[in-house]
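Spelled out from the first residue to the last, the chains are:
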There are 2 protein chains.
Amino acid sequence: MEINYSDITVIGFDADDTLWVNETYFRDTEEQFANLLEGFETKNKIDQELFKMEIKNLSLYGYGIKGFMLSMIESALDISNNKVSQATITKILNLGKAMLEHPVELLEGVREVLNTLSQNYRLIVLTKGDLLDQERKLEKSGLSTYFHHVEVLSDKKEENYQHLLSHLQIDVREFLMIGNSLKSDVLPLINIGAQAVHVPFHTTWQHEEVSIRQNEYEYLKINKLSDILKYLK
Amino acid sequence: MEINYSDITVIGFDADDTLWVNETYFRDTEEQFANLLEGFETKNKIDQELFKMEIKNLSLYGYGIKGFMLSMIESALDISNNKVSQATITKILNLGKAMLEHPVELLEGVREVLNTLSQNYRLIVLTKGDLLDQERKLEKSGLSTYFHHVEVLSDKKEENYQHLLSHLQIDVREFLMIGNSLKSDVLPLINIGAQAVHVPFHTTWQHEEVSIRQNEYEYLKINKLSDILKYLK
């Protein structure tokens with residue numbers, strides 16, 4: 001595999017779990033959700049049912065915390081056979097609100113990487129989720145100044161990337177995407193002829209997991225974001 | 001007042017209640033919500049409490065149906081002093097899902113206006129609400145083909161418009177916005193030096209109401225969208 005980034009002029013960054021912590025809060029909230037409902041089912045079963053509910057509602061609600069809150073409430077009613085207490089539903093609403101209000105925790109090396117790369121590349125943020133929530137996180141992060149453009153997408157499939165690159169008048173050959181999700185940040189980019197770097201986060205949402213045959217795709221995988229500075233300056 | 005649109009090259013359209021029906025479904029759902037809870041309070045009080053809850057949560061949830069669903073649930077718990085039944089909460093979730101799945105009803109004359117104006121102007125859609133929901137409505141509407149660009153904004157204040165026009169490299173003097181909300185589609189545009197046309201819809205959400213002194217602002221008010229064709233071809 002040859003790594004050649006000499007044509008790259010624009011770098012796209014995923015945000016959740018690439019620039020800042022995100023999935024960890026979902027896992028923590030799922031844990032608290034299972035604690036609230038463990039009188040009705042095993043924790044393992046509660047986890048599974050909540051995930052199924054999220055997937056069932058995904059096409060209707062899309063990604064993000066508000067849809068997750070609605071799925072938790074529906075799942076609590078479902079799992080408990082309508083016996084979950086009203087006070088527990090209030091607690092579920094409060095778990096979601098706490099997620100929306102959570103401070104932003106930057107991942108290691110993020111500021112240094114953005115500071116270095118912004119001197120020679122045009123940087124953009126490409127994320128999915130609730131529009132307002134993502135804008136708020138970017139503002140809280142103090143990173144806005146490094147980015148030429150921020151785009152919140154309803155999904156991160158090939159056609160979403162193609163549409164955006166065409167709108168921003170970026171040739172696919174000059175575009176490199178960096179993110180933690182193989183499924184959303186890496187594979188669709190390679191499929192449209194752009195390049196991508198994978199920086200795994202320690203936790204991945206089940207829905208973002210994907211299995212690929214070895215050697216089917218060529219991309220650089222690094223262990224932490226700052227490792228990208230070995231390849232791009 | 002002089003109407004001079006000779007510098008206009010780009011026309012922005014609001015979507016909800018300008019291109020298609022929206023507020024009507026919120027009013028219908030509020031009515032059904034009040035019916036579900038009328039054992040606990042008068043309908044009038046229920047309406048008022050739900051509105052207060054929406055405003056309280058607006059900075060956290062933003063605009064759109066998912067936030068409205070969460071506020072209905074919280075309000076139901078609140079109004080009933082935690083006595084609302086679990087079955088009623090399920091009904092509230094279903095009211096919201098029905099809104100998300102509602103077919104798109106175009107307002108009168110919309111297709112003719114877009115068809116005519118798209119021949120001489122660059123048309124864009126500027127709307128707020130849930131990203132996925134707005135994208136889905138545009139797709140269902142069959143109107144996508146008329147628009148060069150679609151932007152879902154988290155809010156429609158002066159800075160949101162300024163940022164977008166600058167990103168799209170549109171000079172304010174060549175931009176005209178058309179929409180049903182004085183507060184969101186007309187006044188901020190005039191304040192930044194663009195032009196705006198007001199097409200009132202028969203119902204306005206209380207939060208979008210605004211009082212202005214006569215003669216303080218200059219803009220064209222028309223009674224139905226197709227009237228714009230008297231001024232622009």
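In this text the structure is predicted, and so the values were computed from the model without any measurement.

## Let's talk about the overall build of chain A
Here's step 1: Counting its secondary structure elements, chain A contains 8 helices and 6 strands.
Here's step 2: Listing the helices and strands of chain A from first to last along the sequence gives β-α-α-α-α-α-β-α-β-α-β-α-β-β.
Here's step 3: Its C-alpha atoms give chain A a radius of gyration of 19 Å, within 12% of the compact-globule value 17 Å for 233 residues.
Here's step 4: Once the C-alpha set of chain A is aligned to its principal axes, its extents read approximately 60 × 40 × 30 Å.

## Some details on the domain arrangement of chain A
Residue and element names in this part refer to chain A.
Here's step 1: Here chain A is described as being made up of domain 1 (10-20 + 106-230) and domain 2 (23-100).
Here's step 2: With centres defined by C-alpha atoms, the gap from domain 1 to domain 2 works out at 28 Å.
Here's step 3: Taken residue by residue, the interface counts 12 residues in domain 1 and 12 residues in domain 2.

## Looking at the packing of helix α3 (residues 65-79) of chain A against helix α4 (residues 86-101) of chain B
Any two packed helices are characterised by how steeply their axes cross, that is the angle between the axes, and by the distance between the axes.
Here's step 1: The N-to-C vectors of α3(A) and α4(B) enclose an angle of 140 degrees; their axes lie 10 Å apart at closest approach. Judged on the interaxial angle alone, α4(B) and α3(A) are oblique. Handedness of the crossing formed by α3(A) with α4(B): left-handed. Contact residues: Leu70(A), Ile73(A), Glu74(A) and Leu77(A) in α3(A); Gln86(B), Ile89(B), Thr90(B) and Leu93(B) in α4(B).
Here's step 2: Along the lines of polarity and charge, the residues of the contact of α3(A) with α4(B) split into 5 nonpolar, 2 polar and 1 charged.

## Remarks on the relation of the copies chain B and chain A
Here's step 1: With an RMSD of 0.0 Å, the operation that places chain B on chain A is a rotation of 180 degrees combined with a shift of 0.0 Å along the axis. Both chain copies can therefore be described as sitting about a two-fold axis.
Here's step 2: Most of the interface of chain B is mirrored in chain A, where 100% of its interface residues again form contacts.

## Section: the nonpolar core
Here's step 1: Residues Leu176(A), Ile178(A), Leu176(B) and Ile178(B) are the most contacted members of the largest nonpolar core, which totals 64 residues.
Here's step 2: Non-local contacts of Leu176(B), meaning those with residues more than four positions away in its chain, are made with Tyr5(B), Ile8(B), Ile11(B), Ala194(B), Gln195(B), Ala196(B) and Val197(B).
Here's step 3: Counting residues in each nonpolar core, the second largest holds 40 residues, with Phe33(A), Ile79(A), Ile92(A) and Ile79(B) among its members.

## Looking at the interface of chain B and chain A
Here's step 1: Counting residues at the interface gives 24 residues for chain B and 24 residues for chain A.
Here's step 2: Only α2 (43-61), α3 (65-79), α4 and α6 (131-141) of chain B provide two or more residues apiece to the side of chain B that touches chain A.
Here's step 3: Classifying every residue of the side of chain B that touches chain A gives 14 nonpolar, 6 polar and 4 charged.

## Concerning the pairing of strand β3 (residues 149-153) of chain A
Residue and element names in this part refer to chain A.
Here's step 1: Here 5 bridges tie strand β2 (residues 122-128) to β3, and the two strands are oriented parallel to one another. In the strand pairing of β3, Val125 is matched with Val150.
Here's step 2: Viewed along the sheet, the connection from β2 through helix α6 (residues 131-141) into β3 turns out right-handed.

## Section: α4(B)
Residue and element names in this part refer to chain B.
Here's step 1: Here α4 spans 23 Å end to end across 16 residues, near enough to the 22 Å set by a 1.5 Å rise per residue.
Here's step 2: The set of residues buried in α4 consists of Ile89, Ile92, Leu95, Gly96 and Leu100. Mapping the buried residues of α4 onto a view down its axis gives an arc of 140 degrees, with all of them on the same face. What points out from α4, more than 90 degrees from its buried face, is the exposed set Ala87 and Glu101.

## Points about the pairing of strand β2 (residues 122-128) of chain B
All names here are of chain B.
Here's step 1: Most of β2 sits out of view: 5 of its 7 residues are buried.
Here's step 2: Pairing of strand β1 (residues 10-13) with β2 involves 4 bridges; the strand directions are parallel. Paired with Val10 across the strands is Arg122, a residue of β2.

## Details of the sheet that holds β2(B)
All names here are of chain B.
Here's step 1: One open sheet accounts for 6 strands, arranged β3-β2-β1-β4-β5-β6; its pairing is parallel. Each edge of the open sheet carries a strand with a single partner, namely β3 (149-153) and β6 (220-221).
Here's step 2: Bridging between β1 and strand β4 (residues 175-179) involves 4 bridges; their strand directions are parallel. Along β4, the bridge assignment pairs Val10 with Phe175.

## Overview of the packing of α2(B) against α3(B)
Residues and elements named next belong to chain B.
Here's step 1: Here α2 crosses α3 at 130 degrees, and the two axes come no closer than 9 Å. Taken together, the axis directions place α2 and α3 in an arrangement best described as oblique. In this structure, the crossing between α2 and α3 has a hand that is right-handed. Residues Ile46, Glu49, Leu50, Met53, Glu54, Asn57 and Tyr61 of α2 pack against Gly67, Phe68, Leu70, Ser71, Met72, Glu74, Ser75, Asp78 and Ile79 of α3.
Here's step 2: When the residues that make up the contact of α2 with α3 are grouped by side-chain class, the tally is 8 nonpolar, 4 polar and 4 charged.

Calculation notes
- Residues numbered from 1 in each chain as written.
- Chains lettered and ligands numbered in written order.
- Predicted model: local features only at pLDDT ≥ 70, side-chain atom pairs only at ≥ 80, totals over all residues.
- Helix = DSSP H or I, 4+ residues; strand = E, 2+ residues; numbered from the N terminus.
- Rg over C-alpha atoms; globule rule 2.2 N^0.38 Å.
- Domains from an automatic or database assignment.
- Contact = placed C-beta atoms within 7 Å.
- Axes fitted to C-alpha atoms, helices over the stretch in contact; angles between N-to-C directions.
- Parallel < 35°, antiparallel > 145°, perpendicular 65-115°, else oblique.
- Left-handed = near helix turned anticlockwise from the far one by under 90°.
- Nonpolar A, V, L, I, M, F, W, Y, C, P; charged D, E, K, R; others polar.
- Least-squares fit on C-alpha atoms with pLDDT ≥ 70 in both.
- Core = buried A, V, L, I, M, F, W, Y, C linked by C-beta atoms within 7 Å.
- Buried ≥ 20, exposed ≤ 12 C-beta atoms within 10 Å, placed from the backbone.
- Pairing = 2+ DSSP bridges.
- Right-handed = clockwise from strand over helix to strand, strands pointing away.
- Expected span 1.5 Å × (residues − 1).
- Arc of directions from axis to C-beta.

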